[in-house]
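Here's the letter readout for the chains.
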Amino acid sequence: MLLKIVWKNIISKKLTSILSVLLMMLGIGIISLVLTLGKQLEEKFSKNVAGIDMVVGAKGSPLQLILSGVYHIDAPTGNIPLKEVDNLRTNSFVMEVIPLSMGDNYMGTRIVGTSQRYLKHFNAVLHLGKTFENDLEVVVGQNVARELNLKIGDKFESTHGYDKEAEEHHEKKYVVKGILKYNNSVIDNLIICNLSSIWAMHEENSHEAESEHEKEVTCALVKFRNPLGLITVPRLINQNTVMQAALPAIEINRLFKLMGIGVDALKYLAFAIIIISGISVFITLYNALKERKYELALMLSMGGKRFTLFMMLLLEGIVLSLAGWISGILISKLGIFLASGLLFKSYHYSFEQNLLQKEEIYLLVAALIVGIFASLIPAVGIYKINITKTLAKD
Amino acid sequence: MIKTQSLRFGYGNQKTFEFPDIDLKARETLLVLGKSGAGKTTFLNLIGLLQSPEQGEIFIDNEPTSKIGSKQKAGFRSQKIGIIYQKPYFVNSLNVIENLVLSNFLADRKLNHERAKNLATDLGFADLLFKKVQQLSGGEQQRVCIARALMNNPSLILADEPTSALDDENCDKVADLLVKEATEINASLVIVTHDQRLKNRFQNQITL
């Protein structure tokens, strides 16, 4: 019965109730969305960077080098001689060097020439078929296989560059040898082959026989034996070679710092909206207390306990903020679902939908506190009502 | 059953009321008469346990009430007293039957929809149970208020000017209903009024 009265009271002042719920929804929705997106982006970014201490590539923007070499988002900075990359292996700090060669795509999906160690680095497991051995054999990531509907034995022509509509390499065709299991990393969205496939494709294309020492790659991922390498090796490379060295940890930090300003601003805005929602609940209930003074006095005269009526008003605030929270979370989940689809289309990045995050539980607590505080002052008014005076007034 | 002993109540220092003792058994009716300002409503508030007397004692069902706290008073009000106000007050967001079972809820009792329907049939508003209270006419609202006062089968029914807004025909009807329902549940009935029409009807009267 108590909840029924609470509900009926909320319904009876539809517009103001809707306003309070909408404001709360907006605030909670924005914060939840920002939190989830930020968190998932960071997770994706750090998962892909795990184990890679340094990226070397052609001189240019270090951030661009990281984005293209590690995340396969941006365009590469240029090419570097394979010989220089191989020289790195002689450095005692360097544990592993994985060269990557890019430049072609199939239907917008990047084809990466590399070695088996690249697959090993991601702990990639074959889902079907076997891995690449000879030139022009490829394995494809799980998302690629699904999106482009590629099966073992399928043959396809690559196009130059990163555009779907660019010029095609007609002479040679790649053949799918294997499909990888879902890895939740960037290789889900890549087509991977050996380095010489890429060279073979371009030699043929330019009709020029390149000699062994002129061979080039796009960049290389480097792992160090110990952290000391981070201090000495990059400087060595930047000063003494035609390559540049970029540290993913630093560049990604820089990127998140840049993004963080916007995220923080959004968060403050959302908190302000939540506070306004609380004020709206407060005004609604405060006015209701004045309008419903007779009703409250009546219920008191009928023997209702003041505590019961106190709880009734408090519950109205709680129900309103709870409704705001629930709809806010739903909106945010919907937003992530839509954003995920959008991101997948343009960057081959997708978000997972978690049921509820820890932060969203904190938001629930925050929403409830706002609701309780907003209704507390009107609810305390119950204890000040003088039954006979209120009912005697006209 | 209600009994009072030398009740006195004062508003500040200027106005002090002293009330005659009353002693009313179950199924008896008392008419409390008096001019405006004679303290009729104050008397009703005192025996309805809405205000506390300066002096004197009120017995409801032979239990003294002057020493008990406000919580127990609220308990008395919900369990043993049914009040019908001059003005029909309702919880406006609830419909008619919800306003009736509200009495049960506030008395911590099980919601008795059956009782509400029976009373509505008796008082002739069975077809209005699911309407909003604001949609009812004044007379209909008055009858709903009477039904609400009876929901918990109180031993004392207090009515404040229940007929002042009614025409002769309805005045008789309401008086009949009050007596009939009070008798049915073995309650004492106290009617506070200055309505001449009721004077001729009830012998047991006091004038303040």
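Along each chain, residue indices are assigned from 1 in the same order as the chain's sequence is written. Ligands are numbered from 1 and chains lettered from A, in the order in which they are written. With pLDDT at 70 or above as the cut-off, local features in this predicted model cover only qualifying residues; side-chain atom pairs require 80 or more to be listed or tallied, and sums for whole chains, interfaces and linings still use all residues. Note that the side-chain values use all heavy atoms of the structure and ignore hydrogens as well as water.

Here we take up the sheet that holds strand S9 (residues 188–192) of chain B. All names here are of chain B. Only strands that DSSP links by at least two bridges are regarded as paired with each other. Secondary structure elements are taken from DSSP: a helix is a run of H or I of four residues or more, a strand is a run of E of two residues or more, and numbering for both begins at the N terminus. Here we have 5 strands laid out as an open sheet, ordered S7-S8-S9-S4-S10, and parallel in their pairing. Here the strands that pair on one side only, and so sit at the sheet edges, are strand S7 (81–84) and strand S10 (205–207). Strand-to-strand, the axes of this sheet are offset by a mean angle of 15°, without reference to chain direction. Relative to S9, strand S8 (residues 156–160) runs parallel, the two sharing 5 bridges. To define axes, lines are fitted to C-alpha atoms, for helices over the stretch in contact only, and angles between the resulting N-to-C directions are given on a 0 to 180 degree scale.

Inspection of the secondary structure assignment puts Tyr268(A) in helix H9 (residues 248–291). For Tyr268(A) and Ala50(A), which are 218 residues apart along the polypeptide, the C-alpha to C-alpha distance reads 32 Å.

As a further point, take helix H3 (residues 62–69) of chain A. Given 3.6 residues to a turn, an α-helix orients residues that are three or four positions apart in the same direction. Residue and element names in this part refer to chain A. Along H3, 6 of the 8 residues are buried, which leaves the element largely enclosed by surrounding structure. Accessible area is worked out with a 1.4 Å probe on protein chains only. A residue is then buried under 20% of its type maximum, exposed over 50%, and partly exposed in between. Of all the positions in H3, only Leu63, Leu65, Ile66, Leu67, Ser68 and Gly69 are classed as buried. The N-terminus of H3 is capped by Ser61, whose side-chain oxygen sits 3.3 Å from the backbone nitrogen of Leu63. A 3.5 Å cut-off defines polar contacts: any pair of N or O atoms within that distance qualifies, except that in protein one atom must be a possible hydrogen donor and the other a possible acceptor, and neighbouring residues in sequence count only when both atoms are side-chain atoms.

Quick look at the packing of aromatic side chains now. Centres within 6.5 Å make a pair out of two Phe, Tyr or Trp rings, where for Trp the six-membered ring is used; the pair is then stacked when the planes are under 30 degrees apart, edge-to-face when over 60, and tilted otherwise. Counted under the stated rule, the structure contains 12 aromatic pairs over all chains. Ring pairs connect the aromatic residues Phe9(B), Tyr11(B), Phe17(B), Phe19(B) and Phe43(B), which therefore count as one cluster. The criterion is that NZ of a Lys, or CZ of an Arg, lies within 6 Å of the ring centre and within 35 degrees of the ring normal, and then a charge sits over that ring. Over the ring of Phe59(B) we find Lys3(B), and its NZ or CZ is 5.3 Å from the ring centre. The ring of Tyr294(A) carries the charged tip of Lys87(B) above its face, separated from the ring centre by 5.4 Å.

For the rest of this paragraph, the subject is the side chain of Thr36(A). Residues and elements named next belong to chain A. Mapped onto the secondary structure, Thr36 falls in helix H2 (residues 14–49). Residue classification places Thr36 among the buried positions, given a relative accessible area of 4%. Within the structure, the side chain of Thr36 is placed 2.5 Å from the backbone oxygen of Ser32, a separation counted as a polar contact. The contact partners of Thr36, leaving out residues within four places of it in the chain, are Ile336, Gln357 and Glu360. The contact criterion used is simple: two residues touch if any of their non-hydrogen atoms lie within 4.5 Å.

Before going further, it helps to examine helix H5 (residues 138–150) of chain B. Compared with an ideal rise of 1.5 Å per residue, which puts 13 residues at 18 Å, H5(B) spans 19 Å between its outermost C-alpha atoms and is within 8% of the ideal. Along H5(B), the residues that are buried comprise Gln141(B), Gln142(B), Val144(B), Cys145(B), Ile146(B), Ala147(B), Arg148(B), Ala149(B) and Leu150(B). Looking at the buried side of H5(B), the elements it contacts are helix H10 (293–301) of chain A together with S7, helix H3 (96–106), helix H4 (113–123), S8 and helix H6 (168–184) of chain B. The span expected for a helix works out to 1.5 Å for each residue beyond the first.

What follows covers the packing of H2(A) against H9(A). All names here are of chain A. Running from amino to carboxyl end, H2 crosses H9 at an angle of 165°, the nearest separation of the two axes being 8 Å. If you check the angle between H2 and H9, you find them roughly antiparallel. The handedness of the crossing between H2 and H9 is left-handed. An angle below 35 degrees is read as roughly parallel, one above 145 as roughly antiparallel, one from 65 to 115 as roughly perpendicular, and any other as oblique. Crossing handedness is read from the near helix: turned anticlockwise from the far helix by less than a right angle, it gives a left-handed crossing, and turned clockwise, a right-handed one.

All names here are of chain B. Where H3 contacts H4, the axes come no closer than 9 Å and their chain directions differ by 120°. The orientation of H3 relative to H4 falls into the category oblique. H3 and H4 meet at a crossing whose hand is right-handed. Between H3, through Ile97, Leu100 and Val101, and H4, the contact on the second element is made entirely by His113, Ala116 and Lys117.

Bringing the domain arrangement of chain A into the picture now. In many analyses, interface size is given as the accessible surface area lost on bringing the parts together. Where a domain begins and ends is set by an automatic assignment or by a domain database. Domain boundaries in chain A define domain 1 (2–45 + 262–392) and domain 2 (54–246). Placing the centre of domain 1 of chain A and that of domain 2 of chain A at their C-alpha centroids yields a distance of 51 Å.

Residues and elements named next belong to chain B. Extensive coverage of S9 is indicated by the burial of 5 of its 5 residues. Here S9 shows two buried faces, one formed by Ser188, Val190 and Val192 and the other by Leu189 and Ile191. Note that strand S4 (residues 29–33) and S9 share 4 bridges and pair parallel. Bridging across to S9, Thr29 finds its partner in Leu189.

The phi dihedral of His72(A) is positive, around 55°, even though this residue is not glycine. Within the secondary structure, His72(A) is located in the loop between H3 and strand S2 (80–81). Given a relative accessible area of 8%, His72(A) falls into the buried group. Backbone geometry at Leu49(B) places phi at a positive 60°, although glycine is not the residue there. Relative to the assigned elements, Leu49(B) resides in the loop between helix H1 (40–47) and strand S5 (55–60).

Now for the nonpolar core. When a protein is soluble and globular, its nonpolar side chains tend to lie buried together. Buried Ala, Val, Leu, Ile, Met, Phe, Trp, Tyr and Cys residues form a nonpolar core when they are joined through side-chain atoms within 4.5 Å. With 58 residues, the main nonpolar core has Leu296(A), Met299(A), Ile2(B), Ile60(B), Leu102(B) and Leu158(B) as its most contacted residues. The greatest single-element share of this core, amounting to 7 residues, is contributed by helix H11 (residues 306–347) of chain A. Contact partners of Ile2(B), with chain neighbours within four places excluded, come to Ile22(B), Asp23(B), Leu24(B), Ile47(B), Ile58(B), Phe59(B), Ile60(B), Leu156(B) and Ser188(B). Within the second largest apolar cluster, 39 residues are counted, among which are Phe90(B), Ala116(B), Val174(B) and Ala182(B).

In this assembly, 23 residues from chain A lie in contact with 24 residues from chain B. Two parts placed together each lose some accessible area under a 1.4 Å probe, and the buried area is that loss summed for both. Carbon and sulfur atoms supply 67% of the area that chain A and chain B bury against each other, a total of about 2200 Å² over both sides. We define a salt bridge as a side-chain nitrogen of Lys or Arg found within 4 Å of a carboxyl oxygen belonging to Asp or Glu. In this assembly, chain A and chain B are joined by 3 salt bridges. In this structure, the salt-bridge partner of Asp108(B) is Lys305(A), at a minimum N-O distance of 2.6 Å.

Moving on, we get to the environment of Glu359(A). All names here are of chain A. Note on placement: Glu359 falls in helix H12 (residues 358–380). The partly exposed category is assigned to Glu359, whose relative accessible area is 23%. For the pair Glu359 and Ile31, spaced 328 residues apart in sequence, the C-alpha separation works out to 9.3 Å. Sequence-distant contacts of Glu359, that is, excluding residues within four places in its chain, are made with Leu35 and Lys39.

This part is about the pairing of S5(B). All names here are of chain B. As defined by bridge partners, strand S1 (residues 2–11) adjoins S5 across 5 bridges and the pair is classed as antiparallel. Its bridge partner lying in S5, Gln5 is registered against Glu57. Pairing of S5 with strand S6 (residues 63–64) involves 2 bridges; the strand directions are antiparallel. Across the sheet, Ile60 pairs through a bridge with Glu63, a residue of S6. With antiparallel pairing between neighbouring strands as the criterion, S5 and S6 make up a hairpin whose turn holds 2 residues, including Asp61 at a positive phi of roughly 50°.

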